[in-house]
Every structure is written in structure tokens, then in C-alpha cells.
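Read off the chains here:
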Amino acid sequence: MKTLESKRYIVEEKIGYTPMIGRLLSMMEYTRLTTLEAVNDLTQEQLDYGIDGKGNSIGALLYHIACLEEIYVITSLEARDPNEEEVQRLTVGLELGEKAHEEIHGKEIEFYKQQLEVVRKRTLELFKGIEDTWLDKVTPFGPEYLANNYFKWFHVFEDELNHRGQINLIRNHMKSK
């Protein structure tokens, strides 16, 4: 039996999912695998580190990745607006910036891994009931644009890839100090 690690460079269908959904999930799995590889060995102090004491920390970026996926679960897979509790809980992680810098710190890597795991488990569960044609459904994307669900979920892992680049930059900065 092939493991996820041995198939990391294979974009393929997934058992239990329609063909296109499976391929999308393959890309999301690879993205998450490499994100976790970039942070697995970090201490709480390293997760809280901000370049020159400012900006987003690695921990805040990981929290953001989990919050972004959760908001897309709510708005696209569950096809609803977030409730007040969800808005309150997710806003700091979605917006990042100074407030995130102040509020998201003091956590070990297991906290962030759990956040990522919980939302991904929900994502995988909900994608099981989705047909490939759902990916082509077009809905509003912000106040000015339209997007199909395929783009929205591409954006979820595109955002994670971009933030992983930031994570690597922060790690390199820490090494040089």
C-alpha cells in the first residue's frame, strides 16, 4: 500500500470523492504536507517570532490558514454566511495584522496542527457529498467579482502556499539572527 508520503507528487482521484474533487484534494494534501514539514520542529518562541518584532508570526500565519479554510467551508460547502460566534472567532485569524500579532501567541505547534486538522477533517467530510459539477457553480466573490467554486478552493491552497513562503522567509530570518 502506498503512503501519502510516497505519493506526494501524484495528483490523482481519491476513493470516496468524484474525480475532479479528488484531484483538487490531492493538491490540497500536498500543500498541507509541505506546510507541516516547514513548521513541525518549531518551538513556541519560534512560532511567535516576528521579523523585527512586528508583522505576522508563523503561528499567526498557521492560524490564518486554518481560519481561511474554515470560512470557505462555511460559505461554499455549507452555502451559508458565518454566524456571529464564527465571525468573532475567525476574524482575527482572517485579518492578521497587529491584532493577530497581539492575540495569537503563546501556543505550541500542536495547537496549530490541531486547528488545521479539525478544519481539514470537516472539509474532507463535506467534499464527499459534492459532485464535480459543483466546482463550476459561480457565485459572488466579494462585493465586485464572481468566482466559481473551483477557483475558491484553488484560492484556499494558493493562500496557504503564499503563507508558507512567508513562513520560510521568517524561518530564514530567525536563522540569520
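Residues numbered from 1 in each chain as written. Predicted model: local features only at pLDDT ≥ 70, side-chain atom pairs only at ≥ 80, totals over all residues. Heavy atoms only, no water.

Q: How would you sum up the confidence of the model for the protein? Please name residues and give values.
A: Mean pLDDT over the protein works out to 93, with 97% of the residues at or above the 70 mark. When pLDDT is averaged over each element of the protein, helix α6 (residues 109-127) comes out on top at 98 and helix α5 (residues 97-103) at the bottom at 84. (pLDDT = per-residue confidence, 0-100. Helix = DSSP H or I, 4+ residues; strand = E, 2+ residues; numbered from the N terminus.)

Q: Would you mind going over the side chain of Arg164 in detail, with residue names and values included?
A: Its location among the elements puts Arg164 in helix α7 (residues 149-176). For Arg164, the side chain forms a polar contact with the side chain of Thr34, separated by 2.4 Å. Leave out the neighbours within four places in its chain, and Arg164 touches Thr31, Thr34, Thr35 and Ala38. (Polar contact = N/O pair within 3.5 Å; in protein donor to acceptor, adjacent residues only side chain to side chain. Contact = heavy atoms within 4.5 Å.)

Q: Tell me what's going on with the packing of helix α3 (residues 58-77) against helix α4 (residues 84-95), and back it up with residues and numbers.
A: Two quantities define a packed helix pair, namely the angle between the axes and the distance from one axis to the other. Two numbers describe how α3 lies on α4: the axes approach to 8 Å, and their chain directions differ by 135°. Taken together, α3 and α4 sit at an angle that is classed as oblique. Seen along the crossing, α3 lies across α4 with a hand that is left-handed. Across the interface between the two elements, Tyr63, His64, Cys67, Leu68, Glu70, Ile71 and Ile74 from α3 touch Glu86, Arg89, Leu90, Val92, Gly93 and Leu94 from α4. Here the residues of the contact of α3 with α4 are counted per class, giving 8 nonpolar, 2 polar and 3 charged. (Axes fitted to C-alpha atoms, helices over the stretch in contact; angles between N-to-C directions. Parallel < 35°, antiparallel > 145°, perpendicular 65-115°, else oblique. Left-handed = near helix turned anticlockwise from the far one by under 90°. Nonpolar A, V, L, I, M, F, W, Y, C, P; charged D, E, K, R; others polar.)

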